[in-house]
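# Fold and contact review
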Amino acid sequence: MTQETRFQELKRYVRFTEVDASLLGAFRDQSDQEFPRIALEFYDRIREHVEAHRVFTGEEQIQRLQSSLVLWLNRICSGPYDDSYQEQTSQIGRVHVRIGLPQRYMFTAMALIRIALLQIADRRIGDSAGPTRDALNKVLDIELAVMLDTYRDAYVDRIQQSERQERRDVGGELARAKHRYVNAVELSNVLTVGLDRNGTVQLFNREAERTTGFARDEVFGLPFVTALKLEDLAGELPALLAKGLSGELPSQVCETTLCTRAGKVRDVVWHLSFAGEQADDEVVMFAMGQDLTDKKAMQERTRQAEKLAAIGTLAAGLAHEIRNPLNGAQLHVSFLERAIRRQAPDQEMLEATTVVADEIRRLANLVSEFLDFARPKPLQVKPVSLIALCEHARTMASPLASTSGVQMRCDLPGADVEFRGDQDKLLQVLLNLLTNAIEAIVGSTGQVVTLRGRREPRHVMIEVEDDGPGVPTADAPIFDAFYSTKEGGTGLGLAITHRIVTDHGGSIDVLSRSGATTFRVRLPLNSLQEIKS
Amino acid sequence: MLVVDDDLRTAQRLAKMLREDGFEVEVARDGAAAIARFTRDPVPAVLVTELEIPHVGGVAVARFARSQRPGLPLFVVTVAPNLVNSDDFGSPPPLLFTKPVAYAAFRDALEVSLRPDGARRPTSDLGPVPPT
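Residues numbered from 1 in each chain as written. Chains lettered and ligands numbered in written order. Predicted model: local features only at pLDDT ≥ 70, side-chain atom pairs only at ≥ 80, totals over all residues. Heavy atoms only, no water.

## Here we look at the overall build of chain A
When helices and strands are tallied, chain A shows 19 helices and 12 strands. Taking all 533 residues of chain A together, the buried fraction comes to 42%. A separation of at least 24 residues holds for 66% of the contacts in chain A among residues at least 6 apart in sequence. Carbon and sulfur atoms make up 53% of the accessible area of chain A, which totals about 28800 Å². (Helix = DSSP H or I, 4+ residues; strand = E, 2+ residues; numbered from the N terminus. Buried < 20%, exposed > 50% of the residue type's maximum accessible area, 1.4 Å probe, protein only. Contact = heavy atoms within 4.5 Å. Areas by Shrake-Rupley, 256 points an atom, 1.4 Å probe, with all protein chains shown as cover.)

Structural data, given as structure tokens:
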């Protein structure tokens, strides 16, 4: 008799039988049209939780995962419940481990699925739902058990790896010294990384873990520069190590970017110190890092605010100096036009007055737009409904879309999200972005502009996406005032948009590649304190 | 009506066009002259004023004018409408016009505000039709 596999043993434990399998099959035939709804609600719930949401890389991934969830719901209801079934479940579990999804979310998320499925069973089968409910509970718990095993396997791997590391350390003098200073290193708010002579990581303190998102046993034994993607240091490190080891270079300061586990880039200044050749330890270099990202962002914001305040004063003075003479010019043109009409209506002369009047209006509009940007009215903060805001923007942009032959799509969450902001100004933001998107794809192969709204744990995310040719270059200063690639554009639209978003304490980014340009606005959900008035 | 503006050339051009369109218009080039005018009868039926004018500001002129003629229609012409606080002027709130002012829209608004008083007397064939 062949030995029972772990999976067979699990099924035997919960008494999962052919009867359960056929009940699940029948359940699926009745209910699979509700699966996409379950998937949607499932991922909407995740958006409310920071640590669960952190594992996602973007909307495209979430959409892919939603389809996978529907496939998974079909699979757990249809089997066949054999070893390859178990392998597929394990694979899902390994993905959870790899992306660092905390285990607790597996259980809480499974509770959502369970409630949804049991409710469907009650609704569709009624009083005789009991056996189907049992089968659902069994199959879901088998899923949990198999996925949990993958966490266990990963945990065992890590323990073994750290034991190997400990064995390497045993007996060394410096190992004891390290133990003595371990608190000093672990409790400091400086990233401390110890490298051996090959530049591989041998020490990785808590602050380094916190900043990079990597656990120490994930980076132990890996080259420092590749583990953290320190591209600025990649070419230099071997030479630095050699100089340091020979005593030629006692210490060195350098600034690099590093890439966190979640793929975020952070600016770090490193103080490299060398323990020297004599040190009786494999760690020969310490890299003490300070994360400057937030400080730099803060400095940038302060600089930006000072710049804007200065521009605001300038703008008010400029408006005064320009609008007064424009007023005189405009009135006299109106007078001339009237005089020409009365005395000898000459088409050419009338046209000339129209041109002057148009140019005056254009200049006046430019002044108005510049004032909007440089000296905006204070925000009128009130509760804003994400769905109502997006629908309103869509309605206002649709005449332009239809005359331009562009299709406009709205992709909004099932449940509305309310946040605080200035409704009119946010509407202006969306209209600017939609108008830009529509104008960008006219005359190209693009056809569709998508307005997407989503809730994130601490933010509302709004995207305007077009399938046009993309922004000209990645580094183009598109948010700077007076940068424009449009014929007749003032170059202030995106600058105003940027200002409104940042005044809300939010951020705006552009992600561009050929065939998809996305402007992504993030606004804080609880921004009362953060909003500058 | 009284038009107050320190840009005399433009103010007089505006007055001329408004007269052609049937309005009775006087011009004052500063706040002091404007206030002086409101101490004499007949008190103007409409005040059109800039905010930044010599001697006395537009807000003070408007308040004085309304003390002489409560509810006087006010037309405020300004380079910075976002800096105007309508509450400063009392009731009813002033109509704000941002420079450069489009003449036709300005004239139409004046006409609407004067119609109840019947104070409009056209003298020009290009002007609006008089109420009967």
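What follows picks up the thread again.
## Comments concerning the nonpolar core
Residues and elements named next belong to chain A. Ranked by size, the top nonpolar core spans 48 residues in total, and within it F373, L389, F419, L433, L434, V449 and I462 carry the most contacts. Those elements that provide at least two residues to this core are α15 (293-343), α16 (347-374), α17 (386-404), α18 (423-441), β9 (448-455), β10 (459-466), α19 (493-503) and β12 (516-524). Here this core takes 10 residues from α18, the largest share from any one element. A domain-level breakdown of this core finds at least three residues from each of domain 3 (296-374) and domain 4 (382-524). The residues contacting I462, other than those within four sequence positions of it, are L386, L389, C390, L430, L451, R452, G453, F519, R520 and V521. Core analysis: the second largest hydrophobic core is formed by 44 residues, A21, Y43, L69 and I120 among them. (Core = buried A, V, L, I, M, F, W, Y, C linked by side-chain atoms within 4.5 Å. Domains from an automatic or database assignment.)

## Let's talk about the interface of chain B and chain A
Contacts between the two partners involve 24 residues from chain B, matched on the other side by 18 residues from chain A. With both chains or domains summed, chain B and chain A bury close to 1900 Å², and 58% of this area falls on carbon and sulfur atoms. Viewed at the interface, chain A and chain B are joined by 3 salt bridges. Measuring nitrogen to oxygen at the nearest pair gives 3.0 Å for the salt bridge that ties R342 of chain A to E20 of chain B. Our enumeration of links across chain B and chain A arrives at 9 residue pairs in polar contact (both at pLDDT 80 or more). Of all the secondary structure elements, the ones that give two or more residues to the side of chain B that touches chain A are α1 (8-20) and α4 (103-114) of chain B. Ranked by the residues each element gives to the side of chain B that touches chain A, the list is headed by α1 of chain B, at 7 residues. Considered class by class, the residues forming the side of chain B that touches chain A number 11 nonpolar, 4 polar and 9 charged. (Buried area = accessible area lost by both parts, 1.4 Å probe. Salt bridge = Lys/Arg side-chain N within 4 Å of Asp/Glu carboxyl O. Polar contact = N/O pair within 3.5 Å; in protein donor to acceptor, adjacent residues only side chain to side chain. Nonpolar A, V, L, I, M, F, W, Y, C, P; charged D, E, K, R; others polar.)

## What to know about the state of the cysteines
In a disulfide, the sulfur atoms of two cysteines are held together by a covalent bond. All names here are of chain A. For the coordinates displayed, the defined rule picks out 0 disulfides over all chains. Sulfur of C410: no disulfide; nearest cysteine sulfur belongs to C390 and is 6.1 Å away. Given the relative accessible area of 26%, C410 is considered partly exposed. (Disulfide = S-S within 2.5 Å.)

## Here we look at empty space enclosed by the protein
What the rule picks out here adds up to 1 cavity of 30 Å³ or more. Estimates place the volume of the largest cavity at around 160 Å³. In terms of lining, the largest cavity is formed by 16 residues, of which the most central are N327 of chain A together with D5, L14, V77 and V101 of chain B. Of all the elements in the fold, those that place two or more residues in the lining of the largest cavity are α15 of chain A together with β1 (2-4), α1, β3 (47-50) and α4 of chain B. Residues belonging to the lining of the largest cavity are distributed by class as follows: 10 nonpolar, 3 polar and 3 charged. (1 Å grid on protein atoms, 1.4 Å probe; cavity = no way out; pocket = protein on both sides within 12 Å on 5 of 7 lines; lining within 4 Å. Points joined across faces, edges and corners; volume = space filled by probe spheres on them.)

## Thoughts on the environment of M285 of chain A
All names here are of chain A. Within the element layout of this structure, M285 appears in strand β5 (residues 285-291). A relative accessible area of 0% places M285 in the buried class. Remark: the alpha-carbon pair of M285 and V201, spanning 84 residues in sequence, is separated by 9.8 Å. If near-sequence neighbours (up to four positions away) are discounted, M285 is found in contact with V193, G194, L195, L237, L241, L272, S273 and F274.

## Let's talk about the confidence of the model for chain A
In this model, chain A carries a mean pLDDT of 85, and residues with pLDDT of at least 70 account for 94%. Here residues 528-533 of chain A is modelled with pLDDT under 50, and outside its nearest four sequence neighbours on either side it reaches 11 contacts, counting other chains as well. (pLDDT = per-residue confidence, 0-100.)

## Some details on the packing of aromatic side chains
Two aromatic rings are characterised by how far apart their centres lie and by the angle between their planes. Enumeration over the complete set of coordinates arrives at 9 aromatic pairs over all chains. Consider the rings of F42 of chain A and Y43 of chain A, whose centres lie 5.0 Å apart with planes at 75 degrees: the pair is edge-to-face. With 6.3 Å between their ring centres and 40 degrees between their planes, F370 of chain A and F373 of chain A make a pair best called tilted. On the criterion of helical spacing, the pair formed by F370 of chain A and F373 of chain A is a turn pair, its members being 3 residues apart in helix α16. Using a relative accessible area of 12% as the deciding quantity, one classes F370 of chain A as buried. Residue class for F373 of chain A comes out buried when judged on its relative accessible area of 8%. Of the aromatic side chains, those joined through ring pairs into one cluster are F7, F16, Y81 and Y85 of chain A. The lysine or arginine in question, R13 of chain B, covers the ring of F335 of chain A, its NZ or CZ lying 3.9 Å from the ring centre. (Phe/Tyr/Trp six-rings, centres within 6.5 Å; stacked < 30°, edge-to-face > 60°. Lys NZ or Arg CZ within 6 Å of the ring centre and 35° of its normal.)

## Concerning the packing of helix α3 (residues 35-46) of chain A against helix α5 (residues 59-78) of chain A
All names here are of chain A. Viewed as axis vectors pointing N to C, α3 and α5 meet at an angle of 130 degrees, and their least axial separation amounts to 9 Å. Judged on the interaxial angle alone, α5 and α3 are oblique. Viewed along their axes, α3 and α5 form a crossing whose handedness is right-handed. Seen from α3, the contacting residues are F35, P36, I38, A39, L40, F42 and Y43; seen from α5, they are I62, L65, Q66, L69, V70, L73, N74 and C77. (Axes fitted to C-alpha atoms, helices over the stretch in contact; angles between N-to-C directions. Parallel < 35°, antiparallel > 145°, perpendicular 65-115°, else oblique. Left-handed = near helix turned anticlockwise from the far one by under 90°.)

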